[in-house]
Amino acid sequence: MTQPRAGVDRLAWRLSSFYFFYYATVGAFMPYWSPYLAARGFSAAQMGIAYALMGGMRTFVPLAWGWYADHRGKRVGLIRAASLAALLSFLTIPFVPGVFWVGAVMVAYTLFWHALLPQFEVVALSHTAARGGDYARVRLWGSVGFIVTVLGLGLLLDRVGMLWLPWLVGLFWLGMALSSWLVPEPPPLRAAAAGAPASLLAALRQPGVLALLVVCFCSQLSFAPYYNFFTLFLDRHGYARSVAGLLWSLAVIAEIVMFVYAGRLIARVGARRLMVLALAATALRWSLTALCVDAWPLLIALQISHALSFASYHAVAMHYVQRLFPGALQGRGQAIYNAAAYGIGGSVGSLSAGYLWQAQSPETVYLAAGLVAAIGWWVAYRRLPAADA
């Protein structure tokens, strides 16, 4: 009995290493990329356009990769090739001049970047389901990677300057590409149960699927100002960049704690009820961020609420996607979820936030985000179906 358990543990660490480096890359990118673009001459509106174009790519690129992976079946091979191509594209950024070319390269590397996470989620969920693992406990190592880079880079960039950022991001991206070679192809996806949708179109016609996609769209649209402008928002209110890194890290520590218990919490509370709570917490979080950013004890509490507003949301979303897109629909289901939430939601949120920031105020941006999250809460409360554990 020892050998199978050891095999499960080794596989869990291999899956975890990819998540660690993937989200270490995100942690190096997300809090500090807007200050880097500002150092390269971008205005807030131009940043919003660049992020929106990247989000637009995330709308249809994962669908193409998901269709390819579902039909070819070699997901890990695709992840390996795409991670190397994305790395090589990204490392041209320090060498290209001007706003236009930096923005163009950002769009170009997303062709490969957006292939990675939806397909790796299928790989991780397939492996953990087949071997009795816990997806949330594997995924939490991504949050650890995020913290490592946010904390480390905040202090380092204060010393060396923002223009070093692409090279530092590239180091973690290289680790992600290399770690993908440690992960084996997953076992074949289980056949869909009787009565499950037979095609992608049939799945998309289900009211529960449409409700889920609207909820996820609202959630991640509301997160766009946080992902893209939170560090700049803190800069405007006099917080040091190292303090911004600490606040980002505090949110992700709370996220890690939630991931440890997410599986048991979904089983006890119910997926639908937990999603409703997550969207309510998100609406409250952005509204109070706008109104109380200078009250640092409250700001700390709002960052801790990331456990509910993001971590529980993400765990429940994966729970729903796995059940609403069964069997051979998994790859395209993950791609559609990512397209609706992070692609369309992220691009609309980024573009709107950039223009609203410039035309009105940063506080208006976060109040609008709170309103969007409240709409998502209403849809989750009224339309989202229950999903059995």
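Predicted, not measured: the structure shown is a model, and the values here were computed from it.

**A look at the overall build of the protein chain**
Thought 1: The secondary structure content of the protein chain amounts to 15 helices and 0 strands.
Thought 2: Compactness check: the protein chain gives a C-alpha radius of gyration of 20 Å against a globular reference of 21 Å for 389 residues, within 12% of the reference.
Thought 3: Counting only C-alpha atoms and orienting by the principal axes, one finds that the protein chain spans roughly 55 × 45 × 40 Å.
Thought 4: Counting all 389 residues of the protein chain, 57% fall into the buried class.

**Structural notes on the packing of aromatic side chains**
Thought 1: Per the stated rule, a full pass over the model turns up 33 aromatic pairs.
Thought 2: Ring geometry for Phe-95 and Trp-167: centres 5.7 Å apart, planes at 80°, overall edge-to-face. On the criterion of sequence distance, the pair formed by Phe-95 in the loop between α4 (75–90) and α5 (98–131) and Trp-167 in helix α7 (residues 165–179) is long-range, its members being 72 residues apart.
Thought 3: Owing to a relative accessible area of 62%, Phe-95 belongs among the exposed residues under this scheme.
Thought 4: In this structure Trp-167 comes out as partly exposed when scored by relative accessible area, which is 37%.
Thought 5: Between Phe-223 and Trp-286, the aromatic rings sit 4.9 Å apart at their centres with planes inclined by 90°, giving edge-to-face as the arrangement. With Phe-223 in helix α9 (residues 207–236) and Trp-286 in helix α11 (residues 271–292), this pair connects stretches of sequence that are 63 residues apart. Take Phe-223 and Trp-286: they sit in the same class, and that class is buried.
Thought 6: Across the ring face of Tyr-23, the terminal group of Arg-139 is positioned such that the distance to the ring centre comes to 4.0 Å.
Thought 7: One Lys or Arg, Arg-285, reaches over the ring of Tyr-226 and ends 4.6 Å from the middle of that ring.

**Description of the packing of α4 against α5**
Thought 1: Closest axis-to-axis distance for the α4/α5 pair is 8 Å, and the angle between their directions is 155°. Comparing the axis directions of α4 and α5 gives the class roughly antiparallel. For the pair α4 and α5, the crossing hand works out as left-handed. Residues Arg-75, Val-76, Leu-78, Ile-79, Ala-82, Ser-83, Ala-85, Ala-86, Ser-89 and Phe-90 of α4 form the contact with α5, whose participating residues are Val-105, Tyr-109, Phe-112, Trp-113, Ala-115, Leu-116, Gln-119, Phe-120, Val-122 and Val-123.
Thought 2: Looking at the contact of α4 with α5 residue by residue, the classes come out as 16 nonpolar, 3 polar and 1 charged.

**Things to note about the side chain of Arg-285**
Thought 1: Summarising the element assignment, Arg-285 is placed in helix α11.
Thought 2: Although Arg-285 lies buried, it forms no salt bridge, and the closest oppositely charged side chain, Glu-255, sits 7.8 Å away as judged by the N-O distance.
Thought 3: Side chain to side chain, Arg-285 and Tyr-226 meet in a polar contact 3.4 Å long.
Thought 4: One polar contact links the side chain of Arg-285 to the main-chain carbonyl oxygen of Leu-302, over a distance of 3.4 Å.

**What to know about the confidence of the model for the protein chain**
Thought 1: Counting all residues, the mean pLDDT for the protein chain is 84, and 93% of those residues have values of 70 or more.
Thought 2: By mean pLDDT, helix α3 (residues 44–72) is the weakest element of the protein chain at 76, and α11 is the strongest at 95.

**Notes on the side chain of Gln-220**
Thought 1: Its place among the elements puts Gln-220 in helix α9.
Thought 2: For Gln-220, a relative accessible area of 1% gives the class buried.
Thought 3: Dropping the residues within four chain positions of it, Gln-220 is found in contact with Tyr-227, Phe-310, Tyr-313, Ala-341, Tyr-342, Gly-345 and Gly-346.

**Quick notes on helix α12 (residues 296–304)**
Turn by turn, an α-helix covers 3.6 residues, leaving residues three or four places apart pointing in a common direction.
Thought 1: Among the residues making up α12, those that are buried are Leu-299, Leu-302 and Gln-303. Looking straight down α12, one finds its buried side chains confined to an arc of 100°; they lie on one side.

**Focus on the pattern of salt bridges**
Pairing between side chains becomes possible if they bear opposite charge and their charged atoms approach one another.
Thought 1: Applying the stated rule across the entire model yields 1 salt bridge.
Thought 2: Among the ionic pairs, Glu-255 bridges to Arg-139, the shortest N-O distance being 3.8 Å. In this pair, Glu-255 is assigned in helix α10 (residues 241–269) and Arg-139 in helix α6 (residues 135–160), connecting sequence segments 116 residues apart. The residues Glu-255 and Arg-139 share a single accessibility class, namely buried.

**Points about the nonpolar core**
Thought 1: Residues Trp-33, Met-106, Tyr-109, Met-275 and Tyr-313 are the most contacted members of the largest nonpolar core, which totals 119 residues.
Thought 2: Of the residues forming this core, the biggest block, 14 residues, is contributed by α9.
Thought 3: With sequence-adjacent residues up to four places away left out, Met-106 is seen in contact with Trp-33, Leu-37, Ala-50, Tyr-51, Met-54 and Ile-93.

**Here we look at the packing of α11 against helix α15 (residues 362–383)**
Thought 1: Remark: α11 packs on α15, axes separated minimally by 7 Å, with the N-to-C direction vectors making an angle of 165°. By the criterion of interaxial angle, the relationship of α11 to α15 is roughly antiparallel. The hand of the α11/α15 crossing is left-handed. Facing α11, whose interface residues are Arg-272, Met-275, Val-276, Leu-279, Ala-280, Thr-282, Ala-283, Trp-286, Ser-287, Thr-289, Ala-290 and Leu-291, α15 presents Glu-363, Tyr-366, Leu-367, Ala-369, Gly-370, Ala-373, Ala-374, Gly-376, Trp-377, Ala-380, Tyr-381 and Arg-382.
Thought 2: Classifying every residue of the contact of α11 with α15 gives 16 nonpolar, 5 polar and 3 charged.

What counts as what
- Residues numbered from 1 in each chain as written.
- Predicted model: local features only at pLDDT ≥ 70, side-chain atom pairs only at ≥ 80, totals over all residues.
- Heavy atoms only, no water.
- Helix = DSSP H or I, 4+ residues; strand = E, 2+ residues; numbered from the N terminus.
- Rg over C-alpha atoms; globule rule 2.2 N^0.38 Å.
- Buried < 20%, exposed > 50% of the residue type's maximum accessible area, 1.4 Å probe, protein only.
- Phe/Tyr/Trp six-rings, centres within 6.5 Å; stacked < 30°, edge-to-face > 60°.
- Lys NZ or Arg CZ within 6 Å of the ring centre and 35° of its normal.
- Axes fitted to C-alpha atoms, helices over the stretch in contact; angles between N-to-C directions.
- Parallel < 35°, antiparallel > 145°, perpendicular 65-115°, else oblique.
- Left-handed = near helix turned anticlockwise from the far one by under 90°.
- Contact = heavy atoms within 4.5 Å.
- Nonpolar A, V, L, I, M, F, W, Y, C, P; charged D, E, K, R; others polar.
- Lys, Arg positive; Asp, Glu negative; His and termini not counted.
- Salt bridge = Lys/Arg side-chain N within 4 Å of Asp/Glu carboxyl O.
- Polar contact = N/O pair within 3.5 Å; in protein donor to acceptor, adjacent residues only side chain to side chain.
- pLDDT = per-residue confidence, 0-100.
- Arc of directions from axis to C-beta.
- Core = buried A, V, L, I, M, F, W, Y, C linked by side-chain atoms within 4.5 Å.

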